[in-house]
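Geometric and topological summary
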Amino acid sequence: MPALELSLQPLTAADLGELLALQSRCYGADYLESRTSFEAKLAATEGRATCWMARRGLEALAYAVALPVTEHTLPALNAPLCERVAQPELLYLHDIAVAPEARSLGLAGQLLTQLTERAQALGLKRLALIAVQGSVPYWSRQGFEPWPATGALAAKLASFGAEAQLMQRRLTVEAVEASR
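So, here is what we can say about the structure in this document. (Residues numbered from 1 in each chain as written. Predicted model: local features only at pLDDT ≥ 70, side-chain atom pairs only at ≥ 80, totals over all residues. Heavy atoms only, no water.)

**Side note on the environment of Q120**
Considering the arrangement of structural elements, one finds Q120 in helix α3 (residues 107–121). Through-space distance from the C-alpha of Q120 to that of T172 is 8.3 Å; in sequence the pair is 52 residues apart. (Helix = DSSP H or I, 4+ residues; strand = E, 2+ residues; numbered from the N terminus.)

If you want it as structure tokens, here you go:
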């Protein structure tokens, strides 16, 4: 029997049940977000191709939810509403989750490459994320650096817990090559 190929497909509302199941396998209870929150994120990204599902055949193995935002519109954890920004400044990688049994397949790297290319296609110069669950070393290896959060951004960061770290990566042509 031939092995099923891995594929990346745009994430749709029909995928949210699988996304929520993957989320519950990848994160602790403090980081679980509602269907309503993910619906808001999908609505804010409609037509921009910044949310993806990785599959092997029909099996959902990983997903990425990223939002084109400004520093002021970056959403808090489990935000019930997300603003669609007409002129975004950066692509915020809100969530990349990979099923435990699929972590050796390179899916996080494939999703990061896809998002880096989309950010550049949208004319954005930075990626940003909030590292949780001890993931700062992983994101540092991917070229992300700590980004000091102040004011309203610091309050949103606090919704992710005391150990959460806001990080960013500036994009260049070399950044796309390095993420491959």
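**Some thoughts on the sheet that holds strand β3 (residues 59–69)**
Strand order in this open sheet of 7 strands is β1-β2-β3-β4-β5-β7-β6, and the pairing throughout is mixed. Here the strands that pair on one side only, and so sit at the sheet edges, are β1 (6–10) and β6 (145–146). Bridge analysis of β1 against strand β2 (residues 51–56) gives 5 bridges, and the strand direction is antiparallel. If you follow P10 over to β2, its bridge partner there is W52. Of the strands in this sheet, β2, β3 and β4 (90–98) touch helix α2 (residues 35–45), which is tilted by about 60° from β3. (Pairing = 2+ DSSP bridges. Contact = heavy atoms within 4.5 Å. Axes fitted to C-alpha atoms, helices over the stretch in contact; angles between N-to-C directions.)

**Quick word on helix α1 (residues 16–26)**
Considered for burial, the residues of α1 that qualify are L16, L19, L22, Q23 and C26. Looking straight down α1, one finds that the buried residues subtend no more than 120° of arc, so they occupy a single side. The secondary structure elements touched by the buried residues of α1 are α2, β2, β3 and β4. (Buried < 20%, exposed > 50% of the residue type's maximum accessible area, 1.4 Å probe, protein only. Arc of directions from axis to C-beta.)

**Description of the side chain of D95**
Turning to its location among the elements, D95 is positioned in strand β4. Among buried Asp, Glu, Lys and Arg side chains, D95 stands out as unpaired, with K41 the closest opposite charge at 8.1 Å. Apart from residues lying up to four places away in sequence, D95 is in contact with Y27, F38, Y63, A64 and V65. (Lys, Arg positive; Asp, Glu negative; His and termini not counted. Salt bridge = Lys/Arg side-chain N within 4 Å of Asp/Glu carboxyl O.)

**What to know about the pattern of salt bridges**
For side chains bearing opposite charge, pairing can occur when the charged atoms are close. For the structure on display, the rule yields 6 salt bridges. Its salt-bridge partner being R55, residue E18 comes within 2.7 Å of it at the nearest N-O pair. Placement of E18 in helix α1 and of R55 in strand β2 is noted, with a sequence separation of 37 residues between them. With a closest N to O distance of 3.8 Å, R56 and E59 form a salt bridge. Given the relative accessible area of 37%, E59 is considered partly exposed. When salt bridges with common partners are traced through the structure, they connect D15, E18 and R55 into a single cluster.

**Section: the packing of aromatic side chains**
The description of two aromatic rings rests on the distance between their centres and on the angle between their planes. Under the defined criterion, the tally for this structure stands at 3 aromatic pairs. Both rings, one in F38 and one in Y63, keep their centres 6.3 Å apart while their planes meet at 85°; by these two values the pair is edge-to-face. A residue pair is termed long-range when its members are at least 10 positions apart, and F38 in helix α2 and Y63 in strand β3 qualify at 25 residues. The exposure classification of F38 matches that of Y63, with both residues buried. Plain terms: the ring middles of W139 and F144 are 5.4 Å apart, the flat faces sit at 80° to each other, and that makes the pair edge-to-face. By relative accessible area, F144 is classed as buried at 2%. Through pairs of rings, three or more aromatic residues link up here, namely Y138, W139 and F144. The lysine or arginine in question, K41, covers the ring of F38, its NZ or CZ lying 5.7 Å from the ring centre. Seen from the ring of W147, R126 lies directly overhead, with NZ or CZ sitting 5.0 Å from the centre. (Phe/Tyr/Trp six-rings, centres within 6.5 Å; stacked < 30°, edge-to-face > 60°. Lys NZ or Arg CZ within 6 Å of the ring centre and 35° of its normal.)

In short, shape yes, function no, at least from these values alone.
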